[in-house]
Amino acid sequence: MPAYLIASPDGIPWLTLLLLSPLVGLLLIGLAGLLRLDDRIVKQGVTIWMLVPLIIAGLVTVGFRPALAAEGQSVVQFVEKLPWIDALRVDYFLGVDGISLPLVLLTVVMAPIAALASFRVTERVKAHYALLLLLEWAMLGYFIALDFFFFFIFWEFSLVPAFFLILLWGRSDAESAEASGDRDPDTPAPASDPGDRRRSAALTFFIYTMAGSLGLLLLFQFLYLATRAAGFPTFDLIALGRLGQGLGVDGLDTPLRDILFNYANQLGITGVLGGGPLLYSSIAFWAIFIAFAIKLAVWPFHTWLPAAYSEAPTAGSILLAAVMSKMGAYGMLRLLLPLVPDAAQYFAPVIGALALVGIVAGAFGALAHTGGDIKRLIGYTSINHMGYVALAVAAVAAAGAGVPDVSLQDSRASAINGAVLQMVAHGLSTGALFLLAGLLYQRTRTYHLGAFGGLRTVAPVFANVMGVAVFANLGLPGMAGFVGEFFIFRGAWATLPLFTLLATIGLVVTALALLLMYRRVFLGPLNERLAHTPDMHPTEFWTALPLLVLLVLLGIFPALIMGLTNTTALQVVQVFMQAFT
């Protein structure tokens, strides 16, 4: 292998073991079904088994050397690369770098939290936990797969368990109507409740993402044919990224944009469309951007998100918000910037504008729901926070006219570091908020904020835990969300100062929405209907505590994540800048 790819130092295929561990859990569920074991044993067993991927990911992190760089890029480590389909040059290619490893860690932390949040599930328990394991498997595969064939399979397959989680265990129509204020929570729900809202949310989520992926699939078919015409047929994402950045691979020194243009010219497409290499790079840019912008919920591709997050069961909301939304941002960092840097720079102001609108719209959307559905409010804050990540992507790509190269390099690296930390921080804090919202519903049978009030007097521990999660989500200094947002704003200021300045509106409005949410639930006079609401149980407290501890720990010592990402960020920025010299 080339110097920028390094296998596991001890020869153990850790990433394959990581990828297989959820599938082994599926086999154990099947065995439990054959033996007719009690559902409680299945719940506990799957939750304990989910610690296996966490341990493996921890061992990979301990062995990861974040400062390694070679041949113009950060070194991809723990690489496993074997031929899979020789005729198409498809390889079984796994590896991690400073961008993917933090998201792998986020996935293995949030999966057992989602399993614990599902302990109150009583219907089709084995199927529910099987889908959680399948979703964890697909998300892990997506973050570590480095051949587009497998990358795309994991990307698409993640939709399947998420779709069924929403469809089969989502909120009933009566619960949705009550959460939106259309039904009194004290009024008995109708006996027949078809769940049309959750079906609509599941279908919208599935169709949006599937439709956006079509352009990505067609693009990579074209890329494969174009590279084959250039004598180097490949689905290798690292090789394609190097070609996109102007680095050679196996003796091929032609930049990817020229490979695309030459093949389009060979097919006669240039005779119809005209234009130069930038036009065809731009087409590739939009095919990639739209696919990942939908999953990231960048405006105006965000409309699926509030319904999907609010109608999903608690475990589904946790994994959708905490991990799946990050798949879009990871795709932009892994594919969009390296493959088409010229088009990314050309359209950076467009990305920045869309990110800004999403930031502000998400903030005001959350504010509009301070008297309504608590899960929708949290969903709108996710649109706001993921807008900051999109702003970081735009800042990395933007030209930064008049800014010295050294300052520009530091700013772009800060934006990438901030984006990765923001994704981890948002995953932890939003996962905690959805977990606590689910626990509130179990106690009160309502998601409607107008039905709460004064719960701090009867549930002080719950109020304190929720308060920490709220402040972490709104970016209180000393917590991880603040550090991520700070580095994003610091990085974006050099290249997109106007968008960065206007984006601060979202900080204020989102903070206001979250504080109003907290006030409606826990402060003011006690709602007499909730006078006997139990406080947080020890099991619930210990479920939420790891997320809060990580949020504080990363806020005080962000180098735990940034130490993993910084070398990768610097190399991406350096090569990205080199592409225009």
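Structure shown above.
Residues numbered from 1 in each chain as written. Predicted model: local features only at pLDDT ≥ 70, side-chain atom pairs only at ≥ 80, totals over all residues. Heavy atoms only, no water.

Peer 1: What should I look at first to understand the overall build of the protein in this one?
Peer 2: Regarding its fold elements, the protein presents 24 helices and five strands. In terms of overall size, the protein behaves like a compact globule, its C-alpha atoms giving a radius of gyration of 23 Å where 581 residues would be expected to give roughly 25 Å. Dimensions of the protein along its principal axes, counting C-alpha atoms only, are 75 × 60 × 45 Å. For the protein, the proportion of contacts with a sequence separation of at least 24, taken over those separated by at least 6, is 80%. Surface accessibility of the protein: about 20,600 Å² in total, with carbon and sulfur atoms responsible for 67%. (Helix = DSSP H or I, 4+ residues; strand = E, 2+ residues; numbered from the N terminus. Rg over C-alpha atoms; globule rule 2.2 N^0.38 Å. Contact = heavy atoms within 4.5 Å. Areas by Shrake-Rupley, 256 points an atom, 1.4 Å probe, with all protein chains shown as cover.)

Peer 1: Please clarify how the environment of Leu-273 should be interpreted in this entry.
Peer 2: Locating Leu-273 in the fold gives a position in helix H12 (residues 269-273). Expressed as a C-alpha distance, the spacing of Leu-273 and His-448, which sit 175 residues apart in the sequence, is 53 Å. In this structure, Leu-273 is in contact with Leu-279, Tyr-280 and Ile-283, ignoring residues within four places of it in sequence.

Peer 1: Please clarify how the side chain of Ser-414 should be interpreted in this entry.
Peer 2: For Ser-414, the location among the structural elements is in helix H19 (residues 405-444). Under the relative-accessibility criterion, Ser-414 is labelled buried at 9%. Residues in contact with Ser-414, not counting those within four places in the same chain, are Phe-487, Ile-488, Arg-490 and Gly-491. (Buried < 20%, exposed > 50% of the residue type's maximum accessible area, 1.4 Å probe, protein only.)

Peer 1: Where do I start with the packing of helix H5 (residues 125-144) against helix H15 (residues 314-339) in this structure?
Peer 2: The description of two helices packed together rests on the angle between their axes and the distance between the axes. Put simply, H5 and H15 touch, their axes get as near as 11 Å, and they point 15° apart. As the angle between them shows, H5 and H15 are arranged roughly parallel. Regarding H5 and H15, the two cross each other, and that crossing is left-handed. Here His-128, Leu-132, Leu-135, Met-139, Tyr-142 and Phe-143 of H5 come into contact with H15, specifically with Ala-315, Leu-319, Val-323, Met-324, Lys-326, Met-327, Tyr-330 and Gly-331. In terms of residue class, the contact of H5 with H15 is built from 11 nonpolar, two polar and one charged. (Axes fitted to C-alpha atoms, helices over the stretch in contact; angles between N-to-C directions. Parallel < 35°, antiparallel > 145°, perpendicular 65-115°, else oblique. Left-handed = near helix turned anticlockwise from the far one by under 90°. Nonpolar A, V, L, I, M, F, W, Y, C, P; charged D, E, K, R; others polar.)

Peer 1: Please explain H15 as it appears in this structure.
Peer 2: In an α-helix, one turn spans 3.6 residues, which is why side chains three or four residues apart end up on the same side. The first and last C-alpha atoms of H15 sit 37 Å apart over 26 residues, in line with the 38 Å expected at 1.5 Å per residue. Where H15 bends most, at Leu-320, the angle is about 40°. H15 sits mainly inside the fold: 26 of its 26 residues count as buried. (Expected span 1.5 Å × (residues − 1). Bend = angle between axes of the 7 residues up to and from the residue.)

Peer 1: So what exactly am I meant to see when it comes to the pattern of salt bridges here?
Peer 2: Counting across every chain of the model gives six salt bridges. Where Glu-71 meets Arg-242, a salt bridge forms, and the shortest distance between an N and an O atom there is 3.8 Å. Highlighted residues: Glu-71 in the loop between strand S2 (69-70) and strand S3 (73-74) and Arg-242 in helix H10 (residues 237-244), separated in sequence by 171 residues. Residue classification places Glu-71 among the partly exposed residues on the basis of a relative accessible area of 45%. As a salt-bridge pair, Arg-443 and Glu-540 come within 2.4 Å of each other at their nearest N and O atoms. Taken as a pair, Arg-443 in helix H19 and Glu-540 in helix H23 (residues 538-556) lie far apart in primary sequence, 97 residues in all. Exposure remark for Arg-443: the relative accessible area of 15% places this residue in the buried category. (Salt bridge = Lys/Arg side-chain N within 4 Å of Asp/Glu carboxyl O.)

Peer 1: Please explain the sheet that holds strand S1 (residues 5-7) as it appears in this structure.
Peer 2: Pairing between sheet strands relies on hydrogen bonds along the backbone, with the strands arranged either parallel or antiparallel. The mixed open sheet is built from three strands, whose spatial order is S1-S4-S5. If you trace the sheet from one side to the other, it starts and ends with S1 and strand S5 (90-96), each paired once. Taking each pair of neighbouring strands and ignoring which way they run, the sheet shows an average axis angle of 50°. Note: S1 against strand S4 (residues 76-85), two bridges, orientation parallel. (Pairing = 2+ DSSP bridges.)

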